[in-house]
Amino acid sequence: MLLVGSTSLCASIYLGFSMKHLFIVLALVLGVTTGATAQESRTLDQVLQLAFANSAELAAAERSVAAQEALIASQYSLEDPMVGVSSLDRGNVTKYGVISQRLRFPVKYYLQGKAQRSRASSSSSMWAMKKYSLRKQVVSLYFSIFSTQKIIQLTKANMDAVREFARVAEKKYAAGRTSQSDSMKAHFEQTRLELDLLRLQQKENSLQQQLKAVVGDPAMGSLDLANLELAPPVFQLSRMAEGGDSSSHSTSPELQVQAARLEAAKWKSQLAAWEFAPDIQLQYQTRIEGNPQDSEIYSISLSVPLFFWKKSAEASAASAEKAAEEYRLTDATNRVVTRSKDLQGQVQLGEKTLKIYQTSLIPQAQGAYNSSRASYRANKTSFLDLLDSERSLYQVKTDYYRSLEQFVASLADLEATLGKSLSNLGDVK
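These lines cover the structure that appears in this document, whether it is placed above or below.

**Focus on the pairing of strand S5 (residues 280–289)**
Bridge count for strand S3 (residues 93–103) against S5 is nine bridges, and the pairing is antiparallel. Its bridge partner lying in S5, Gln 101 is registered against Leu 282. Relative to strand S6 (residues 296–302), S5 is paired through seven bridges, and the arrangement is antiparallel. Across the sheet, Leu 282 pairs through a bridge with Ile 300, a residue of S6. Where S5 folds back on S6, the antiparallel hairpin that results is connected by six residues, among which Gly 290 adopts a positive phi of roughly 100°.

See below:
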């Protein structure tokens, strides 16, 4: 009677767990079915090319560069001449055709053009900064989707392993070789993994939607990367100091933007100082009607800086703006240097961490799991030891993919900060 009662209790417990599992599985199936989209397997380079081609922000920045460059020629050019008619009444009316041309002091054209070139350079650097920023987002999301899909794959495999544990535990319990608690613990572990799977699938769906928004193609199919084996990017530290250590940050788009703005402010400050130099007005008049027959008038005029306080104020403002841009460049340099050093440390740590996982932690956890599994089947170890080794292996493998995700994010951020490729990840070119 005791055996029958225990068997009935076990059956009731098992039925309770089974019904719970059934509802969870149905929820998973319904969630996957309602959210299903076309699956695509694209390389990182393909996704980057699509993002660069579709980005409205990049297209706007590119047109802005073209606009600023087109303005350079205008700053070296003269203003349009003036054409008119004048009348002179000296007892008889003489009409003259008049043409006049205003000329700024020659140095001013040179300074105007140089200032506009610097503004165009700043706009070009801003475009490069946006491209690296977009690349960073795409690369980070791509590897986040990869790592999440791999963890989902691991979770499903782990659920299969726990189901096997439950079957073994039930057989051992039926043979009187273990307690009923082993089966209950196995079912509890399976339920916990199913809950983790729901959260992971929700995260993966969110990442897919974020990538579509960044790429600018809502109709793009969701990426299917679970069956790929993406190796960690190769970080090439030597590229950071290409051109000399003093110029290791000179490629930073942010610093290039600030440096170009400072250059433009310097040219503008010089131009403001030269505004005290006189502009020239040339004028030529020739008779078109009346007497005398051969009458021509030539005139030249110079501007006089009579209201000097206006030009003094403009010169002071330009000088103050130049000083402000110098401070902004200093601040930007400090931030870029500090950030790049921090990111370099994170990248180097991430690189070492991944190697430790690959060469030590994962093989050790796998060996411990295999040993515990064989020992439990032979009734030489407890079920808690088996679950502990299973959880350790699962945790180590999931931590590896999360570490890979963090490593790539830091590397892409470092490359965006310095404005150059330091790895074999896709290039902005």
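There's plenty left to go through after this.
**Describing the packing of aromatic side chains**
To describe a pair of aromatic rings, one takes the distance between the centres and the angle between the planes. If you walk through the whole model with that rule in mind, you get ten aromatic pairs. Ring geometry for Tyr 142 against Phe 143: centres 6.1 Å apart, planes inclined by 65°, an arrangement best described as edge-to-face. The class for Phe 143 is buried, based on a relative accessible area of 5%. Here the aromatic rings of Phe 308 and Trp 309 are separated by 5.4 Å at their centres, their planes lie at 75°, and the arrangement is edge-to-face. Using a relative accessible area of 46% as the deciding quantity, one classes Phe 308 as partly exposed.

**Quick notes on the packing of helix H7 (residues 308–377) against helix H8 (residues 383–418)**
The interhelical angle for the contact between H7 and H8, taken along N-to-C directions, is 160°, at an axis separation of 8 Å. Considered as vectors, H7 and H8 are oriented roughly antiparallel to each other. Crossing hand, H7 versus H8: left-handed. Residue classes in the contact of H7 with H8 are distributed as 21 nonpolar, 14 polar and eight charged.

**Thoughts on the pattern of salt bridges**
For the structure on display, the rule yields 22 salt bridges. For the salt bridge of Glu 79 with Arg 102, the shortest nitrogen-to-oxygen distance reads 3.3 Å. Of this pair, Glu 79 sits in the loop between helix H3 (56–76) and strand S2 (82–89) while Arg 102 sits in strand S3, and the two are 23 residues apart along the sequence. A residue is classified by how much of its surface remains accessible, and Glu 79, at 42% relative accessible area, is partly exposed.

**What to know about the side chain of Glu 415**
Assignment of secondary structure puts Glu 415 in helix H8. Setting aside chain neighbours within four positions, we find Glu 415 in contact with Tyr 132, Arg 135, Lys 420, Ser 421, Leu 422, Ser 423 and Leu 425.

**Here we look at H3**
The end-to-end C-alpha separation of H3 is 32 Å, in line with the 30 Å expected for 21 residues at 1.5 Å each. Turning to H3, its buried residues number three or more, namely Leu 58, Ala 61, Val 65 and Ile 72. The buried residues of H3 all sit within an arc of 60° when viewed along its axis, so they share a single face. Away from its buried face by more than 90 degrees, H3 exposes Ala 56, Arg 63 and Ala 70.

**Quick notes on the sheet that holds S3**
Read from one edge to the other, the open sheet built from four strands follows the order S2-S3-S5-S6, with strand pairing classed as antiparallel. In the strand order of this sheet, the two ends are held by S2 and S6, each with one partner. Neighbour to neighbour, the strand axes of the sheet diverge by 25° on average, direction disregarded. As defined by bridge partners, S2 adjoins S3 across eight bridges and the pair is classed as antiparallel. Counted as the bridge partner of Val 85 is Gly 97 from S3.

**Side note on a nonpolar patch on the surface**
A cluster of nonpolar residues, Phe 276, Val 304, Leu 306, Phe 307, Phe 308 and Trp 309, forms a patch on the protein surface that exposes about 700 Å² of accessible area. If you trace the backbone, Leu 306 turns up in the loop between S6 and H7. Using a relative accessible area of 55% as the deciding quantity, one classes Leu 306 as exposed.

The rules behind these values
Residues numbered from 1 in each chain as written. Predicted model: local features only at pLDDT ≥ 70, side-chain atom pairs only at ≥ 80, totals over all residues. Heavy atoms only, no water. Pairing = 2+ DSSP bridges. Helix = DSSP H or I, 4+ residues; strand = E, 2+ residues; numbered from the N terminus. Phe/Tyr/Trp six-rings, centres within 6.5 Å; stacked < 30°, edge-to-face > 60°. Buried < 20%, exposed > 50% of the residue type's maximum accessible area, 1.4 Å probe, protein only. Axes fitted to C-alpha atoms, helices over the stretch in contact; angles between N-to-C directions. Parallel < 35°, antiparallel > 145°, perpendicular 65-115°, else oblique. Left-handed = near helix turned anticlockwise from the far one by under 90°. Nonpolar A, V, L, I, M, F, W, Y, C, P; charged D, E, K, R; others polar. Salt bridge = Lys/Arg side-chain N within 4 Å of Asp/Glu carboxyl O. Contact = heavy atoms within 4.5 Å. Expected span 1.5 Å × (residues − 1). Arc of directions from axis to C-beta. Patch = residues over 30% accessible without salt bridge, like charges linked within 9 Å, V, L, I, M, F, W, Y side chains within 5 Å. Areas by Shrake-Rupley, 256 points an atom, 1.4 Å probe, with all protein chains shown as cover.

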